[in-house]
Amino acid sequence: MKFSDEMLMAYADGELDLVARAEIEEAMAEDPEIARVVERHRALAARVQSAYRGVLEEPVPAKLASLAAEPVTAPVIDLASRRAARAETRAPASRWRLPQWSALAASVALGAMVGALLMRGESPPYEETAAGLVARGELDAALTRQLAGSLGTGKSRVGFSFRHHDGAYCRTFHLQQEAPLAGLACRRDDQWKLEVLAAAAPHQGELQPAAAMPMAVLQAVDAAIEGEPFDAAAEIAARDAGWQQPGNVAE
Amino acid sequence: MSTPTPVDEVRAQLGELLPRLRRFARVITRNVQDADDLVQAAVEKALSRAAQWRPDSRLDNWMFGIMKNAWIDEIRARRRRERVHAPEEAGSAVGDASAEARDIALSVQAAMARLPEEQRLAVALVLIEGLSYKEAAETLGIPIGTLTSRLARGRQALQALLGGTGEAG
C-alpha cells in the first residue's frame, strides 16, 4: 500500500492538508482496500465517541457544580473577624486574586463594594452595626416581604426560608449586582442579621435556582436548619406574623 | 471591580465544561468516583492558577492538561503507596441506550480500560474530545509525532480487542 496506516488514520481524522487529502482520495477511488482502512478508522472513532456519550447526559454532581459557581477558597465574609481586619488592610483591587482571597481580603472587598454603592448614591443593602451586619434598604424590605422564589422588582431575591435551631426565622438571599453576593439572614431583635455573605455566581437567567447558592451559604444553612425549608404556606404564615418567633411575641 | 479577574473568567466558563471534563476523567480514570475526584481537584487547581490561563487560548484544552497531570501524579502516588488500582467500573457511562447499544458501549469501555495510560490519553483527547493532533500534543506536552504514534497504537489495540464488529461493509 502506498500510504502508511498512520497517514490513513490522519486522513480519517481530518488532519491532512489539501494536497495529501487529494492524493488519498484518488488512491481510495482506485484501491478499495485503502478505502476500507479509512472506513475502519472512522468507524472505530465513532464507536469510541458514542461509548462515552452517556457521561455528557448525566447530571453533574452538585459538589462539582457548586465548585465552578463560586470562589473555591470561599471568600466567606466572617463577620466577626471583619471588623478586626478592616482597620489593618487596604489592598488595591488589582491584587484580588484567588490565592490571596481569604476572609480578610473578602472583607476588604465588601467594604469597597459598600463604598462604591455610596458613591453612586445608592443606599447600601446592609450596614455594619454594633450587633453585626444588618440588612438595610431594599434587602431589608425584600427579606421582610418578598416570598421565596418571586422575582420582585429590585436586586434582592429571596431563596428559601427556614427555622434556625435557636428558633429564629432565617432566609437565604441573592443580591444581583455587579459583584453578586449571596447570603443567609436571620431575624433577630427585629432586624435581619446577615450571618453569612459570600460572592455568588453571576446571575445567568431570570430565575436563580437555589442550587446556585455558594457552598458557604449552603453549609451555613445545613448547620443552622431545624427540619426542612418552609413550604409556601409556612412561609406566608411566618411573614404575616412579622417573623416573630412563636411564644416570643410579647417580649 | 468592573474588569473580571482571571478567576471570574475561568469560573464562568467552567460550568459549561463540566460534563466534558467528567467524560474525559471517566475515560482516563476508568472509575466514576476517581473521575469526579479528579475533576474536583482539577477545577480547584485551575481556579487557583487562573492567572496562568491565557484568555485567548482554549480553556477546555488547558483543563485537560491539568487533569492529565493530576491523574499521572495520582497514579504515581498510588504506586508509591502500593495501593491496588481501584476496580474498573465500566458501564456507568452508557446512559439511556438500547441493550445492544449498551453492550457495545460496555465493550468499548472495557477495551479502552486495557490500553496503556499514554495511549488512552491520546485516544481520549482526539477521538472523544475532538482535539486536533496539534492541540492534543500540546495538552499532553509531547511532540506531535509521539502523539500520532500513540494514537495509532491505541487504535490498533482497540481494533484488535473489539474485533471487526464496528467495520462497515
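Parameters and conventions
- Residues numbered from 1 in each chain as written.
- Chains lettered and ligands numbered in written order.
- Predicted model: local features only at pLDDT ≥ 70, side-chain atom pairs only at ≥ 80, totals over all residues.
- Helix = DSSP H or I, 4+ residues; strand = E, 2+ residues; numbered from the N terminus.
- Buried ≥ 20, exposed ≤ 12 C-beta atoms within 10 Å, placed from the backbone.
- Contact = placed C-beta atoms within 7 Å.
- Pairing = 2+ DSSP bridges.
- pLDDT = per-residue confidence, 0-100.
- Expected span 1.5 Å × (residues − 1).
- Core = buried A, V, L, I, M, F, W, Y, C linked by C-beta atoms within 7 Å.
- Axes fitted to C-alpha atoms, helices over the stretch in contact; angles between N-to-C directions.
- Parallel < 35°, antiparallel > 145°, perpendicular 65-115°, else oblique.
- Left-handed = near helix turned anticlockwise from the far one by under 90°.
- Nonpolar A, V, L, I, M, F, W, Y, C, P; charged D, E, K, R; others polar.

J.: Where do I start with the overall build of chain A in this structure?
T.: Helix and strand content of chain A: 10 helices and 7 strands. Here chain A holds 251 residues, and the buried ones make up 36% of them. Put simply, of all contacts in chain A between residues at least 6 apart along the chain, 50% involve residues at least 24 apart.

J.: So what exactly am I meant to see when it comes to the pairing of strand 4 (residues 169-175) of chain A here?
T.: The side chains of a regular strand alternate between both faces of the sheet. All names here are of chain A. Among the 7 residues that make up strand 4, 7 are buried, leaving the element largely enclosed by the rest of the structure. Bridge analysis of strand 3 (residues 156-164) against strand 4 gives 6 bridges, and the strand direction is antiparallel. Its bridge partner lying in strand 4, Ser156 is registered against Leu175. Between the antiparallel neighbours strand 3 and strand 4 lie 4 residues, among them Gly167 with a positive phi of about 100 degrees. Pairing of strand 4 with strand 5 (residues 181-188), which is carried by 6 bridges, proceeds in the antiparallel orientation. Within the sheet, the bridge partner assigned to Arg171 lies in strand 5 and is Ala185. Following strand 4, the chain reverses through 5 residues before pairing antiparallel with strand 5.

J.: I keep staring at the confidence of the model for chain B and nothing clicks. Help me out?
T.: All names here are of chain B. Mean pLDDT over chain B works out to 85, with 85% of the residues at or above the 70 mark. Across residues 165-169, where pLDDT falls below 50, the model places 9 contacts with residues more than four positions away in sequence or in other chains. Complex prediction metrics read pTM 0.53 and ipTM 0.81.

J.: How should helix 3 (residues 59-80) of chain B be read in this particular structure?
T.: Think of an α-helix as turning once every 3.6 residues; residues three or four places apart then point the same way. Residues and elements named next belong to chain B. Under the 1.5 Å per step criterion, the end-to-end length of helix 3 is 31 Å for 22 residues, consistent within 8% with the ideal 32 Å. Taken together, the buried positions of helix 3 are Asp60, Met63, Phe64, Ile66, Met67, Lys68 and Trp71. Close packing links the buried residues of helix 3 with helix 1 (6-29), helix 2 (32-48), helix 5 (117-128) and helix 6 (133-140).

J.: Before we go on, may I ask you to explain the interface of chain A and chain B in this structure?
T.: Bring the parts together and some accessible area is lost; that lost area is often taken as the interface size. Listed by partner, the interface residues are 44 residues for chain A and 48 residues for chain B. For the side of chain A that touches chain B, the secondary structure elements donating two or more residues are helix 1 (5-12), helix 3 (32-51), helix 4 (53-57) and helix 5 (62-69) of chain A. Among the elements that make up the side of chain A that touches chain B, the one with the highest residue count is helix 3 of chain A (12 residues).

J.: Teacher, can you tell me more about the nonpolar core here?
T.: Soluble globular proteins tend to pack their nonpolar side chains together in the buried interior. Among the nonpolar cores identified, the biggest contains 63 residues, and Val48 of chain A together with Ala42, Val43, Met67, Val123, Val126 and Ala136 of chain B are the most heavily contacted of them. Looking at this core, the element that brings in the most residues is helix 1 of chain B, giving 9 residues. In contact with Ala136 of chain B, other than residues within four places in its own chain, are Ala122, Leu125, Val126, Leu131 and Leu147 of chain B. Core analysis: the second largest hydrophobic core is formed by 34 residues, Leu133, Ala168, Ala185 and Cys186 of chain A among them.

J.: Help me out: how do you make sense of unusual backbone geometry in this one?
T.: Most of the time, phi is negative for any residue but glycine, and the peptide bond is trans. Located in the positive-phi region is Asp190 of chain A, a residue other than glycine, with phi close to 60 degrees. Among the secondary structure elements, Asp190 of chain A is positioned in the loop between strand 5 and strand 6 (191-199). Residue classification places Asp190 of chain A among the exposed residues on the basis of 8 C-beta atoms within 10 Å. In this model, Arg30 of chain B sits at a positive phi of 65 degrees, which is unusual for a non-glycine residue. Take Arg30 of chain B: it is sitting in the loop between helix 1 and helix 2. Owing to 22 C-beta atoms within 10 Å, Arg30 of chain B belongs among the buried residues under this scheme.

J.: Would you mind showing me how to read the confidence of the model for chain A here?
T.: Atomic detail in the predicted coordinates should be set aside for any region of low pLDDT. Summing up the model confidence of chain A, the mean pLDDT is 76 and the portion of residues at 70 or higher is 70%. Note on residues 72-78 of chain A: pLDDT is under 50 here. Beyond four places in sequence and across chains, it has 29 contacts.

J.: I tried to follow the pairing of strand 3 of chain A on my own but got confused; where do I start?
T.: All names here are of chain A. Counting buried residues along strand 3, 7 of its 9 residues qualify, which places the element largely inside the surrounding structure. Examined bridge by bridge, strand 3 and strand 7 (residues 225-226) share 2 bridges and lie antiparallel to one another. Along strand 7, the bridge assignment pairs His164 with Ile225.

J.: Got a minute to help me understand the packing of helix 1 of chain A against helix 3 of chain A in this structure?
T.: The relative placement of two packed helices is expressed as an angle between their axes plus a distance between the axes. All names here are of chain A. Contact pair helix 1 / helix 3: the axes reach a minimum separation of 9 Å and the direction vectors enclose 55 degrees. Relative to helix 3, helix 1 is oriented oblique. Viewed along their axes, helix 1 and helix 3 form a crossing whose handedness is right-handed. Here Asp5, Leu8, Met9, Tyr11 and Ala12 of helix 1 lie close against helix 3, whose contacting residues are Ile34, Val37, Val38, His41, Arg42 and Ala45. Classifying every residue of the contact of helix 1 with helix 3 gives 8 nonpolar, 1 polar and 2 charged.

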